[in-house]
Amino acid sequence: SSELTQDPAVSVALGQTVRITCQGDSLKKYFASWYQQKPGQAPILVFFGKDKRPSGIPDRFSGSSSGTAASLTISEAQADDEADYYCHSRDSTGYRWLIGGGTKLTVV
Amino acid sequence: QVQLHQWGAGLLKPSETLSLTCAVSGGPFSGIYWSWIRQPPGKGLEWLGEISHSGSTNYNPSLKSRLTMSVDTSKNQFSLNLASVTAADTAVYYCARGTTGTTGRLDYGGQGTLVTVSS
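Residues numbered from 1 in each chain as written. Chains lettered and ligands numbered in written order. Predicted model: local features only at pLDDT ≥ 70, side-chain atom pairs only at ≥ 80, totals over all residues. Heavy atoms only, no water.

(A) Molecular detail of the overall build of chain A. Scanning chain A from terminus to terminus reveals zero helices and nine strands. Going from the N terminus to the C terminus, chain A shows its helices and strands as β-β-β-β-β-β-β-β-β. Here the C-alpha radius of gyration of chain A, 13 Å, is about what a compact globule of 108 residues would show, namely 13 Å. Here the C-alpha coordinates of chain A stretch approximately 40 × 25 × 25 Å along the principal axes. Counting over 108 residues, chain A shows a buried share of 48%. A separation threshold of at least 6 residues defines the contact pool for chain A, and within that pool the share at least 24 residues apart is 57%. Summed over its atoms, the accessible surface of chain A is roughly 5200 Å², and 47% of this surface lies on carbon and sulfur atoms. Looking at chain A, you have 11 positive and 11 negative side-chain charges, and the mean spots of the two groups are 7 Å apart. (Helix = DSSP H or I, 4+ residues; strand = E, 2+ residues; numbered from the N terminus. Rg over C-alpha atoms; globule rule 2.2 N^0.38 Å. Buried < 20%, exposed > 50% of the residue type's maximum accessible area, 1.4 Å probe, protein only. Contact = heavy atoms within 4.5 Å. Areas by Shrake-Rupley, 256 points an atom, 1.4 Å probe, with all protein chains shown as cover. Lys, Arg positive; Asp, Glu negative; His and termini not counted. Charge placed at Lys NZ, Arg CZ, Asp CG, Glu CD.)

(B) Broad picture of the sheet that holds strand β6 (residues 69-74) of chain A. Residues and elements named next belong to chain A. The strand order across the open sheet formed by three strands is β2-β6-β5, and the pairing between neighbours is antiparallel. The sheet terminates laterally at β2 (18-23) and β5 (61-66), the two strands that pair on one side only. Averaged over all neighbouring strand pairs, the angle between strand axes comes to 20°, with direction disregarded. Of the pairings in the sheet, the one linking β5 to β6 comprises six bridges and is antiparallel in character. From the neighbouring strand, Phe61 faces β6, where its bridge partner is Ile74. (Pairing = 2+ DSSP bridges. Axes fitted to C-alpha atoms, helices over the stretch in contact; angles between N-to-C directions.)

(C) Spatial organisation of the packing of aromatic side chains. Residues and elements named next belong to chain B. For the structure on display, the rule yields three aromatic pairs over all chains. Their ring planes at 15° and their centres at 5.2 Å tell us that Phe29 and Trp34 sit as a pair that is stacked. Residue classification places Trp34 among the buried residues on the basis of a relative accessible area of 0%. Three or more aromatic residues joined by ring pairs form one cluster here, namely Phe29, Trp34, Trp36 and Phe78. (Phe/Tyr/Trp six-rings, centres within 6.5 Å; stacked < 30°, edge-to-face > 60°.)

(D) Region of interest: the state of the cysteines. As enumerated under the stated definition, the model contains two disulfides over all chains in all. Residue pairing for Cys22 of chain A: its cysteine sulfur links by disulfide to Cys87 of chain A, the two sulfurs lying 2.1 Å apart. What sets the handedness of the Cys22 of chain A and Cys87 of chain A disulfide is the S-S torsion sign, and at about 70° it is right-handed. Note that Cys22 of chain A is positioned in strand β2 and Cys87 of chain A in strand β7 (residues 83-90), a separation of 65 residues in sequence. Take Cys22 of chain A and Cys87 of chain A: they sit in the same class, and that class is buried. Each disulfide pairs two cysteine sulfurs, and for Cys22 of chain B the partner residue is Cys95 of chain B, the sulfurs being separated by 2.1 Å. Its S-S torsion of about 60° marks the bond between Cys22 of chain B and Cys95 of chain B as right-handed, since a negative value means left-handed. Linking Cys22 of chain B in strand β3 (residues 18-25) with Cys95 of chain B in strand β9 (residues 91-98), this pair joins segments that are 73 residues apart in sequence. Exposure class is identical for Cys22 of chain B and Cys95 of chain B. Each is buried. (Disulfide = S-S within 2.5 Å.)

(E) View of the environment of Arg38 of chain B. Residue and element names in this part refer to chain B. Inspection of the secondary structure assignment puts Arg38 in strand β4 (residues 33-39). Counting along the chain gives ten residues from Arg38 to Pro28, while the straight-line C-alpha distance between them is 24 Å. Ignoring sequence-local partners within four residues, the contact set of Arg38 consists of Gly44, Leu45, Glu46, Leu48, Leu63, Leu82, Ala88, Asp89, Ala91, Val92 and Tyr93. Reaching out from Arg38, the side chain makes a polar contact with the side chain of Glu46 at a distance of 2.8 Å. Reaching out from Arg38, the side chain makes a polar contact with the side chain of Asp89 at a distance of 2.8 Å. (Polar contact = N/O pair within 3.5 Å; in protein donor to acceptor, adjacent residues only side chain to side chain.)

Rendered as structure tokens:
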């Protein structure tokens, strides 16, 4: 399948840990990367590769991958983490980008 | 710090051509694939296509017939043209830098341009 699948919505209690998942055949070959997008703002990269965070992203954000699945884990969730999260990766041919449908994270 | 700044017309009539340009500063232009992404109101992100500094392109198959991308290496700029727009093309359009390899990602992006198609 040439697409990435995400759960539409996930919620987490303040201070707890949440995992956001992404599924797709391309993840057997390419690592998933993760965007965070808050309302009215451009998406920003928060995690990529096996264990990389862009400068300024707190280490509460981590990632993992196994086979056709990848996940973004946010520990000690804060109200400011409430956002849409999108995974993306190269497709299996390597000639285009795939972007997941997004997961809306609510911090309660 | 890599920065992308984009601009273009924000209001179009049906059947017109959408044109956006993105300027890159603070980092290398060569050896990179430069992408366009869009987001319709209230919906998710959609990758449109990419162009390399040498002009090689890869397009989303769903838009390929209407898409043209170009690059101006003398100005470190790349552009998007989307022909025959309809209301379904109303979206915020973003330019973005894409790195390749198994850890490839879309990292730096532009500020976004809202393009509205309305008669």
